[in-house]
Amino acid sequence: MSDVLSCPVTGASGPLPEYPLPRAAECPLAPAPAARELRAEKPITRVRIWNGSTPWLVTRHADQRALLPDPRVSDDDLDPGFPYVNAHRAEIAPVTPRLITNTDAPEHTRLRRTVNGPFMVKRIETMREPVQKIVDELVDRMLDGPHPVDLLQAFALPVPSLVIAELLGVPYADHDFFQRSSSLVLDGAAPPEEARRAGGELASYLDELLRRKSADPGEDVLSEMAGRVRAGEMAHTEAVHMGVAMLIAGHETTATMISLGTIALLQHPDQLALLRGSDDPKLIANAVDEVLRYLSIVQTGVRRVAKEDIEIGDVVIRKGDGIIFDLHAANWDPEVFPEAERLDITRPARIHQAFGYGPHQCLGQNLARLELQVVYGTLYRRIPTLRLAVPVEELEFDHTGTTYGVHGLPVAW
């Protein structure tokens, strides 16, 4: 992949680029070449999106760090200037419940407080042993079975699905249902009516599960939320839709990071050897953050809207203007990450923005880090001869959802 990723930066198409910017086919893991050029020449610039509107695109790490925590930058997707990802998102915004993903303080602060506790570092760290058990059992199953095998289906999807099911208190026996429904909700190419139906089915499922947890609570996040509903701290509908959001986000993104991270590491054998040969938790944790930086799997950008005029550099973002933050471009910013196109697991990468930044930074980042630390510290050590079973050029990359990934990952050893 180091050769694959050495593609040149090419010019943006025309005076007003269309966003999302096209990826280079020969660089499937790299930011769009045009995004890298814009970061160097016009780090805050107008782009055109699907509906003809022209939000600002922010590609530089420092500018994102300045704007994302700014209270004048809003996550309210009911604002007419909000730059929706697609027509489906625009259509459902008026009927989407107010959650931590589409509100600002003080409502966002209240909602975040109701679910923050289970995702704090100390609580998540208590899951390390159960996650290790899940990973080891899945590796055992792979080693005992035939290969080549699809790592996505045999390992990358089951790990986070089992973990989020255990954390939330969702029966893993239902994982086929919630994986299928989650994929439809996140698939930008899916017919809107199918995505809406899938979202409704997930909401009905969580509604019933929360009612059962309220009557018979366990030691899990849904039971905690059911308790908050009983105490009047949140509405039942808020708990339902928060549960849906956590269930969706809790397995799709981590599964993608396992599969794409494996591709990246296999294409950088020196870094893989360094990771495989170490049992230093600090190096493994650092490797996770470097792979997160390198891949930045959220491909549709973080979307916001200006609530007031904002002057930054030589640009004035006016009240009502949409703003898109291209996380991948910022995470390859050479001013922050020298030789950013090079995967280097010894690089101090913690200041990456793969999880966003500011008050809306990803709720599940501590869980994702722990899962990836266990996976990256176990999979390649236990299967030291792991390799792609097909040339990387034959892998089918998926760019239809909020994150990019692969449809399958055949591996052998």
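In this text, all values refer to a predicted model and were calculated from it rather than measured experimentally.

(A) Structural detail: the overall build of the chain. If you tally the helices and strands in the chain, you get 16 helices and 12 strands. Here the C-alpha radius of gyration of the chain, 21 Å, is about what a compact globule of 413 residues would show, namely 22 Å. C-alpha atoms of the chain, sized along the principal axes, occupy 60 × 55 × 40 Å. Looking at the chain as a whole, 54% of its 413 residues are labelled buried. A sequence separation of at least 24 residues applies to 71% of the contacts in the chain between residues at least 6 apart. Within the structure as shown, the chain displays about 17,500 Å² of accessible surface, and the carbon and sulfur contribution to it stands at 53%. Charged side chains in the chain number 42 positive and 58 negative. The centres of these two groups are separated by 4 Å.

(B) Spatial organisation of helix 11 (residues 221–230). Inspection of helix 11 places V221, L222, S223, M225 and A226 among the buried residues, and these make up the whole buried set. Buried residues along helix 11 sit against helix 4 (107–116), helix 8 (158–168), helix 10 (192–215) and helix 12 (236–266). Of the residues that open helix 11, the one with a side-chain oxygen 3.3 Å from the backbone nitrogen of L222 is D220. Residue G232 follows helix 11 closely and has a positive phi angle near 80°.

(C) Structural detail: the sheet that holds strand 4 (residues 149–150). Pairing in this open sheet of three strands is antiparallel, and the strands run 4-12-9 from one edge to the other. One side of each edge strand has no neighbouring strand; the edge strands of this open sheet are strand 4 and strand 9 (387–388). For strand 9 and strand 12 (residues 410–412), the ladder comprises two bridges, and the chain directions are antiparallel. Across the sheet, the residue bridging to L388 is V411, located in strand 12.

(D) Representation of the packing of helix 11 against helix 12 within the structure. For the pair helix 11 and helix 12, the least separation of the axes is 9 Å and the interaxial angle reads 160°. Taken together, helix 11 and helix 12 sit at an angle that is classed as roughly antiparallel. Crossing handedness for the pair helix 11 and helix 12: right-handed. When helix 11 is examined against helix 12, the residues V221, L222, M225 and V229 are found in contact with a partner set consisting of H236, A239, M242, G243 and M246. Of the residues that constitute the contact of helix 11 with helix 12, the class distribution is seven nonpolar, two polar and no charged.

(E) Structural view of the environment of I258. Looking at the secondary structure, you find I258 in helix 12. The spacing of I258 and L372 is 114 residues in sequence and 7.0 Å in space, taken between C-alpha atoms. Among all residues touching I258, those that are not within four sequence positions of it are F155, A156, V159, P160, L372, V375, Y376 and Y380.

(F) Focus on the sheet that holds strand 8 (residues 322–325). Pairing within the open sheet is mixed, and its five strands lie in the order 1-2-8-5-3. Only two strands of the sheet have a single neighbouring strand rather than two, namely strand 1 (44–46) and strand 3 (73–74). Direction of pairing for strand 2 (residues 56–58) relative to strand 8: parallel, over a ladder of three bridges. Looking at the pairing, V58 lines up with F325 of strand 8.

(G) Structural detail: the pairing of strand 8. Of the two faces of strand 8, the one carrying G322 and I324 and the one carrying I323 and F325 are both buried. Summarising the sheet, strand 5 (residues 302–306) and strand 8 pair through four bridges and their orientation is antiparallel. Bridge pairing in strand 8 links R303 to I324.

About the cut-offs
- Per chain, the residues get numbers from 1 upward, laid out in the order the sequence is written.
- Only residues with pLDDT of 70 or above have their local features reported here, since the model is predicted, and side-chain atom pairs are shown and tallied only from 80 upward, although totals for entire chains, interfaces and linings are computed over all residues.
- For the side-chain quantities, the full set of heavy atoms in the structure was used; hydrogens and water were omitted.
- Segments assigned H or I by DSSP are reported as helices when at least four residues long, segments assigned E as strands when at least two residues long, and all are numbered from the N terminus.
- Both definitions apply: the radius of gyration is a C-alpha atom measure, and the globule rule equals 2.2 Å times residues to the power 0.38.
- Only protein chains enter the accessibility calculation, which uses a 1.4 Å probe; a residue is then buried when its area is under 20% of its type maximum, exposed when over 50%, and partly exposed in between.
- The contact criterion used throughout is that any non-hydrogen atoms of two residues lie within 4.5 Å.
- Accessible areas in this description were obtained via Shrake-Rupley with a 1.4 Å probe; residue shielding takes into account the shown protein chains only.
- Here Asp and Glu are counted as negative and Lys and Arg as positive; His is not counted, and neither are the chain ends.
- Working definition for charges: the position is that of NZ of Lys, CZ of Arg, CG of Asp or CD of Glu.
- Here a polar contact is taken to be a pair of N or O atoms separated by no more than 3.5 Å, where protein atoms must pair a possible hydrogen donor with a possible acceptor and residues adjacent in sequence count only if both atoms sit in side chains.
- What makes two strands pair is DSSP finding at least two bridges between them.
- Axis lines are fitted to C-alpha atoms, over the contacting stretch for helices. Their N-to-C directions set the angle, which ranges from 0 to 180 degrees.
- Any angle that is under 35 degrees is reported as roughly parallel, and any over 145 degrees as roughly antiparallel; angles of 65 to 115 degrees are reported as roughly perpendicular and all others as oblique.
- By convention, the crossing between two helices is left-handed when the near helix turns anticlockwise from the far helix through less than a right angle, and right-handed when the turn is clockwise.
- Three categories are distinguished: nonpolar for Ala, Val, Leu, Ile, Met, Phe, Trp, Tyr, Cys and Pro, charged for Asp, Glu, Lys and Arg, and polar for the others, with Gly belonging to the last.

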